[in-house]
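Read off the chains here:
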Amino acid sequence: MQLFMQQMINGIALGSIYALIALGYTMVYGTIKLINFAHGEVYMLGAFIGFYLVQTFDINIYLAMLIAMACCAIIGVIIERVAYKPLRKSTRVAALITAIGVSYFIQNLMAYKLGPEVRAFPAAMKTQVYRVGGIVINSKQLFVFITTIILMIVLTLIVNKTKMGKAMRAVAVDAEAAQLMGIDVNRIISFTFALGSGLAGIAGVLVGVYYNSISPFMGVTSGLKAFVAAVVGGIGSIPGAMVGGYLIGLLETLVTYLGWSTYKDAAVYVLLIIILLVLPAGLFGKNVREKV
């Protein structure tokens with residue numbers, strides 16, 4: 001039982017990272033109905049920005065997280081303005097293919113410039129171990145979990161309690177009607193990309209701190225699993241992205257605990273298939289009728 005609970009603690013830490021990345025997917029989709037597959041690469045860029053800030057400039061991890069968040073927010077806005085804005089009135093397939101193209105472009109550019117090898121993330125913080133009833137919890141796990149919870153609370157307050165959040169919800173419901181009411185739709189969409197990309201940047205730094213390794217290809221698997229988490233929770237739903245992220249993290253560690261670590265990725269996609277068969281809109285999603 002202690003080993004099982006230990007694995008669940010590990011699953012919560014992993015799920016926190018998936019949840020942060022999934023929030024970016026679900027916010028962008030909820031606003032403009034775009035699946036931004038380049039989001040995983042923004043997460044990877046955040047990890048490398050944190051890596052160079054800590055290793056080269058000897059900046060403490062907390063400041064490195066804030067700078068990585070700001071840089072990734074700017075990168076997210078640039079991607080939206082350059083790649084997605086010109087296609088806003090095009091078909092969803094065109095936007096989807098563009099997103100995949102941007103993802104591969106960033107990924108291969110980083111591999112070409114920095115090399116494809118895995119890099120060791122510098123020891124940015126001391127690891128302290130706490131024992132609670134026979135269960136071992138280290139300071140990195142607490143750091144990841146507490147940071148994620150704080151960011152989720154802040155994001156929820158922004159979306160539900162601020163003017164920008166109300167404007168985001170209005171654009172998500174009907175962009176044309178929101179524009180007629182005086183809302184600058186382009187500004188709101190850019191803000192949404194900045195917010196989601198900033199969270200992905202922090203998630204990248206957290207992964208570097210937690211796993212002590214990063215690579216130019218780290219955004220592929222994590223980004224895809226975070227997308228699965230967003231779909232499982234109900235894409236477009238912020239609470240759904242949180243729950244989906246933790247569910248995927250716990251599922252992976254549970255499969256590993258049972259001795260089937262080879263199949264942990266497969267288990268994630270089996271869960272996705274089951275959820276889509278039983279609840280096509282996800283756990284927290286709503287079935288919406290669309291006119292054809």
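In the annotation of an unreviewed UniProt entry, the entry for the chain reads Branched-chain amino acid ABC transporter permease, and the organism field reads Dolosicoccus paucivorans. Regarding the chain, the UniProt comment filed under Sequence similarities (unreviewed entry) reads as follows: "Belongs to the binding-protein-dependent transport system permease family. LivHM subfamily."

A.B. asks: Provide a residue-level description of the pairing of strand β2 (residues 129–132), including the pertinent values.
C.D. replies: Two strands pair when backbone bridges link them, and β2 and strand β3 (residues 135–138) are joined in this way by 4 bridges, in the antiparallel orientation. Residue Val-129 lies in a different strand from β3, and its bridge partner there is Asn-138. The turn linking β2 back onto β3 is made up of 2 residues, and Gly-133 within it adopts a positive phi angle of 60 degrees.

A.B. asks: Any chance you could break down the packing of helix α5 (residues 139–161) against helix α8 (residues 185–211) for me, citing the residues and the numbers?
C.D. replies: Interhelical geometry of α5 versus α8 gives an angle of 175 degrees and a closest axis separation of 10 Å. For the element pair α5 / α8, the angle class is roughly antiparallel. Contacts from Lys-140, Gln-141, Phe-143, Val-144, Thr-147, Thr-148, Leu-151, Leu-155 and Ile-158 in α5 reach Phe-191, Leu-195, Leu-199, Ile-202, Leu-206, Val-209 and Tyr-210 in α8.

A.B. asks: For helix α4 (residues 92–114), give the residues involved together with the corresponding values.
C.D. replies: Along its 23 residues, α4 runs 33 Å from first to last C-alpha, staying within 8% of the 33 Å computed at 1.5 Å per residue. Within α4, burial applies to Ala-95, Ala-99, Val-102, Ser-103, Ile-106, Gln-107, Met-110 and Ala-111. Contacts made by the buried residues of α4 are with α2 (39–55), α3 (61–84) and α9 (218–233). Residue Gly-115 follows α4 closely and has a positive phi angle near 95 degrees.

A.B. asks: So what's going on with the pattern of salt bridges? Which residues, and what values?
C.D. replies: Under the criterion given, the structure shown has 5 salt bridges. Arg-81 is paired through a salt bridge with Glu-80; the nearest N and O atoms lie 3.6 Å apart. Owing to a relative accessible area of 40%, Arg-81 belongs among the partly exposed residues under this scheme. Glu-80 serves as the salt-bridge partner of Arg-88, at 2.3 Å between the closest nitrogen and oxygen. Judged by its relative accessible area of 31%, Arg-88 falls in the partly exposed class. On the basis of relative accessible area, Glu-80 is assigned to the buried category, the value being 1%.

A.B. asks: An account of the UniProt feature "transmembrane region" (unreviewed entry) in the chain is requested, with residue identities and associated values reported.
C.D. replies: In this numbering, the UniProt entry assigns the feature "transmembrane region" (unreviewed entry) to residues 12–30, 37–55, 61–79, 91–112, 142–159, 188–211 and 266–285. The distance from the first to the last C-alpha atom of residues 12–30 is 25 Å, and the span holds 100% helix and 0% strand.

A.B. asks: Describe in detail a positive patch on the surface, supporting the description with residues and values.
C.D. replies: Positive charge collects at one region of the surface, where Lys-161, Lys-163, Lys-166 and Arg-169 lie side by side. At 3 residues, helix α6 (residues 163–173) tops the list of elements feeding residues into the positive patch. Arg-169 sits in the partly exposed class, given a relative accessible area of 38%.

A.B. asks: Run through the side chain of Thr-147, naming residues and quoting values.
C.D. replies: Within the secondary structure layout, Thr-147 lies in helix α5. Not counting chain neighbours up to four residues away, the residues in contact with Thr-147 comprise Met-65, Ile-202 and Leu-206.

A.B. asks: A description of the packing of aromatic side chains should follow, citing residues and the corresponding values.
C.D. replies: Two aromatic rings, taken as a pair, are described by how far apart their centres are and by the angle between their planes. Evaluated as defined, the whole model comprises 9 aromatic pairs. Ring centres of Phe-51 and Tyr-52 lie 5.0 Å apart, and the angle between their planes is 85 degrees; on these two criteria the pair is classed as edge-to-face. These aromatic residues form a ring-pair network of at least three members: Phe-48, Phe-51, Tyr-52 and Phe-121.

A.B. asks: Please provide a residue-by-residue account of the environment of Gln-128, values included.
C.D. replies: Here Gln-128 shows up in the loop between β1 (119–120) and β2. Considered as a pair, Gln-128 and Phe-145 are 17 residues apart in the sequence and their alpha carbons are 15 Å apart. In terms of polar contacts, Gln-128 uses its side chain to reach the side chain of Tyr-130, at 2.8 Å.

Criteria and cut-off values
- Residues numbered from 1 in each chain as written.
- Predicted model: local features only at pLDDT ≥ 70, side-chain atom pairs only at ≥ 80, totals over all residues.
- Heavy atoms only, no water.
- UniProt positions renumbered as here; feature names shortened; annotations may be inferred.
- Pairing = 2+ DSSP bridges.
- Helix = DSSP H or I, 4+ residues; strand = E, 2+ residues; numbered from the N terminus.
- Axes fitted to C-alpha atoms, helices over the stretch in contact; angles between N-to-C directions.
- Parallel < 35°, antiparallel > 145°, perpendicular 65-115°, else oblique.
- Contact = heavy atoms within 4.5 Å.
- Expected span 1.5 Å × (residues − 1).
- Buried < 20%, exposed > 50% of the residue type's maximum accessible area, 1.4 Å probe, protein only.
- Salt bridge = Lys/Arg side-chain N within 4 Å of Asp/Glu carboxyl O.
- Patch = residues over 30% accessible without salt bridge, like charges linked within 9 Å, V, L, I, M, F, W, Y side chains within 5 Å.
- Areas by Shrake-Rupley, 256 points an atom, 1.4 Å probe, with all protein chains shown as cover.
- Lys, Arg positive; Asp, Glu negative; His and termini not counted.
- Charge placed at Lys NZ, Arg CZ, Asp CG, Glu CD.
- Phe/Tyr/Trp six-rings, centres within 6.5 Å; stacked < 30°, edge-to-face > 60°.
- Polar contact = N/O pair within 3.5 Å; in protein donor to acceptor, adjacent residues only side chain to side chain.

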